[in-house]
Amino acid sequence: MTRWLYLGAVLGGLLGGPTSAWGQESGLPVGSRAPAVVVKDLDGKPVDLGSYLGRQPVLLEFWATWCEVCEALLPTVEAAHRAYGDRVAFFGVNVTVNQTPERVRKYVDSRHPPFRTLYDADGDAVRAYAAPTTSYIVIVDRAGTVRYTGTGASQDLAAVLRTVAAP
């Protein structure tokens, strides 16, 4: 049932019209503490996001292989990773709606997204981060505070990453 409710939220977000790259319509409140959740990677190994939060900046993208908006956002995420990947931990949290680990692995092997792929089979990260849709980006500073959330294909990630990655 949880997957169907989430699918409804995802489709509602995709069909609900354009979103602002800077305005927060929903999701985790900017200024709040980022949740430390454990999510498995594609090999089934647990990844504790808490071991990154509060130590270094983190970018999380909630995505799916079928998400056209995520595909349109990919060049922006790639550019951000090229510029800040040595100072910011990049994670792609697959929402697992209509996904299997094999399907996600095939996508990752062919497209090489610039993040460590996590497979949120139980929806723990989706719930903890109040992910309203796919293409949802959360940027967390080195203190563990949420500095940005956004959705859509045209997000200005560089401006926020420049700030959170500064020495």
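So, here is what we can say about the structure in this document. (Residues numbered from 1 in each chain as written. Predicted model: local features only at pLDDT ≥ 70, side-chain atom pairs only at ≥ 80, totals over all residues. Heavy atoms only, no water.)

### Comments concerning helix α3 (residues 101-111)
Because the α-helix completes a turn every 3.6 residues, residues three or four places apart line up on one side. Where α3 is concerned, the buried positions are Val104, Tyr107 and Val108. Burial along α3 is one-sided: seen end-on, the buried residues are contained in an arc of 95 degrees. Exposed residues lying more than 90 degrees from the buried face of α3 are Glu102, Lys106, Asp109 and Ser110. Looking at the buried positions of α3, the neighbouring elements they touch are β3 (58-63), α2 (68-84), β4 (89-94) and β5 (116-119). Directly beyond the C-terminal end of α3, a positive phi value near 55 degrees is found at His112. (Buried < 20%, exposed > 50% of the residue type's maximum accessible area, 1.4 Å probe, protein only. Helix = DSSP H or I, 4+ residues; strand = E, 2+ residues; numbered from the N terminus. Arc of directions from axis to C-beta. Contact = heavy atoms within 4.5 Å.)

### Quick look at the nonpolar core
Looking at soluble globular proteins, one finds that nonpolar side chains tend to be buried together. Judged by nonpolar contacts, the single largest core of 50 residues is most densely connected at Leu60, Phe62, Tyr129, Ile139, Leu157 and Leu161. Once residues within four sequence positions are removed from consideration, Tyr129 is found in contact with Gly27, Leu28, Ala34, Pro35, Val37, Leu53, Leu60, Phe62, Tyr136 and Val138. (Core = buried A, V, L, I, M, F, W, Y, C linked by side-chain atoms within 4.5 Å.)

The analysis is restricted to geometry; functional conclusions fall outside its scope.
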